[in-house]
Amino acid sequence: MKKRWHLFCLVLLLPVMVIAMHKTTLRFITANGASIRTDQATRLAKVPFRLYIQGYKLRKIQYDRRSHVLLAKYAVAKDPLHQVQQAKYIGVTFQPTTVPIVKGGQQDPFILSRSYDNGQASGRDTLRILLGNQYGTFKVLSANYPAVNVRDPSIMKQGQTYYVIYTRGVLSTTNFKSWKQYRWPAIPEFEFSQDWAPEFVSGPNRERFVVMSAKRKEGNSHQLYVTSFSKGKVGTDWKSITGNLPANVIDPDIQYANGRYYLVCKNENTRRLLLGSSKNLTGPYHMQKLHLDGLKYESVEGPEMLIHNGKIKLMFDTYNNNPATFYGLHYTEGNIDGNRWSKVKKIQSPIVTRHGQIIMN
């Protein structure tokens with residue numbers, strides 16, 4: 001009888017033992033199904049593995065035997081809107097969650113970056129909201145993030161609504177728990193998947209625009225274009241930005257201050273930044289090269305400005321090539337004339353921050 005009982009127990013425990021010893025991926029998701037941490041590769045028999053995430057409550061664990069993925073589902077522990085309202089600065093970035101952070105850097109898997117599908121592949125390059133009371137030091141908001149693939153986001157507040165625009169998509173929220181997604185308009189004159197990194201622009205009379213780099217179907221390189229924006233809808237009347245821009249230019253950001261529009265962008269051929277200004281939104285802009293003191297990485301991209309009281313805080317993404325490995329957002333500070341800049345510093349955050357934006361809340 002005892003032998004039969006032991007055999008019965010062994011039959012019951014065998015699947016559990018196999019699962020425990022098999023290589024497993026731990027995936028941490030919100031109620032919406034979006035990842036909130038990078039995946040963790042482990043064996044369940046190798047304990048302890050970390051399930052606690054600050055700002056969240058663990059609600060459910062579910063194991064998928066086919067894919068060997070352990071899904072840990074979380075609920076937000078604190079009201080995210082209250083946390084946002086208390087912060088001096090609010091920002092957006094994105095986090096690839098399929099690759100680990102190694103020695104302060106994170107390789108880019110390029111799994112999602114060129115397959116913008118309006119979120120159908122759901123949230124492995126995940127939106128992150130950054131909060132801080134001191135520029136340069138930010139925490140990641142514990143929010144119920146949308147299950148949408150987000151890259152290169154920009155943020156803007158209108159009334160009680162926060163809008164986030166990103167490559168081939170727009171989201172909005174009033175509470176950081178639920179999100180509305182807007183349809184990205186078809187742009188027949190642009191080559192598909194070659195329209196990147198849209199940014200919000202605010203005019204002197206509270207007009208709203210979107211600036212973006214794109215490649216026309218008949219063209220060989222990226223140039224800059226601007227269109228209207230209203231209540232989540234991106235216009236289709238794209239106009240060219242003029243000036244002494246390089247032949248291949250991407251990642252524009254335009255800010256209005258002191259009666260002028262200021263444009264910062266990336267020369268894609270040299271992988272360096274340019275800054276200029278114009279009296280008109282569409283130009284012509286007089287661009288000058290930026291010389292960044294203390295930059296130790298091969299390339300930069302995704303420049304963003306915060307202009308306040310005649311000063312510019314200039315933030316940008318940093319990376320080395322072969323393979324493409326990113327080391328987080330860095331920044332420098334200077335006068336609005338752009339002639340002198342402080343030594344480059346790293347944005348402090350618990351994640352490897354990527355192409356994003358910081359604004360005053």
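Above this note sits the structure.
In what follows, the accompanying structure is described. These numbers come from a predicted model, not from an experiment.

1. A closer look at the side chain of Asn248
Mapping Asn248 onto the fold places it in the loop between strand E17 (239-240) and strand E18 (249-257). You can call Asn248 buried: its relative accessible area is 14%. At 2.9 Å, the side chain of Asn248 forms a polar contact with the backbone nitrogen of His222. Looking at Asn248, its side chain comes within polar contact range of the side chain of Asn269, at 3.4 Å. Those residues in contact with Asn248 that lie beyond four places of it in its chain are Ser221, His222, Gln223, Lys266, Asn267, Glu268 and Asn269.

2. Description of the sheet that holds strand E8 (residues 137-140)
One open sheet accounts for four strands, arranged E8-E7-E5-E26; its pairing is antiparallel. Looking at strand neighbours, the two that pair on one side only are E8 and strand E26 (357-360), the edges of this open sheet. Pairs of neighbouring strands in the sheet enclose a mean axial angle of 30°, with direction left out of account. Of the pairings in the sheet, the one linking strand E7 (residues 125-134) to E8 comprises three bridges and is antiparallel in character. Its bridge partner being in E8, Leu131 is matched across the sheet by Lys139.

3. Brief notes about the environment of Val99
With respect to the helices and strands, the residue Val99 is situated in the loop between strand E5 (89-96) and strand E6 (106-107). Looking at Val99, the relative accessible area reads 15%, which means it is buried. When the C-alpha atoms of Val99 and Pro109 are compared, they prove to be 6.9 Å apart, with ten residues separating the residues in sequence. Apart from residues no more than four positions distant in its own chain, Val99 is found in contact with Thr38, Gln106, Gln107 and Pro109.

4. Comments concerning the pattern of salt bridges
Considering all chains together, one arrives at eleven salt bridges under this definition. The partner of Asp108 in a salt bridge is Arg151, and the shortest N-O contact between them spans 2.7 Å. Note that Asp108 is positioned in the loop between E6 and E7 and Arg151 in the loop between E8 and strand E9 (154-158), a separation of 43 residues in sequence. Summarising the burial analysis for this pair, Asp108 and Arg151 share the class buried. The partner of Glu301 in a salt bridge is Lys266, with the nearest N and O atoms 3.6 Å apart. Taken as a pair, Glu301 in strand E22 (residues 299-308) and Lys266 in strand E19 (residues 260-267) lie far apart in primary sequence, 35 residues in all.

What counts as what
Residues numbered from 1 in each chain as written. Predicted model: local features only at pLDDT ≥ 70, side-chain atom pairs only at ≥ 80, totals over all residues. Heavy atoms only, no water. Helix = DSSP H or I, 4+ residues; strand = E, 2+ residues; numbered from the N terminus. Buried < 20%, exposed > 50% of the residue type's maximum accessible area, 1.4 Å probe, protein only. Polar contact = N/O pair within 3.5 Å; in protein donor to acceptor, adjacent residues only side chain to side chain. Contact = heavy atoms within 4.5 Å. Pairing = 2+ DSSP bridges. Axes fitted to C-alpha atoms, helices over the stretch in contact; angles between N-to-C directions. Salt bridge = Lys/Arg side-chain N within 4 Å of Asp/Glu carboxyl O.

Note that all results are geometric; they support no functional claim without further evidence.
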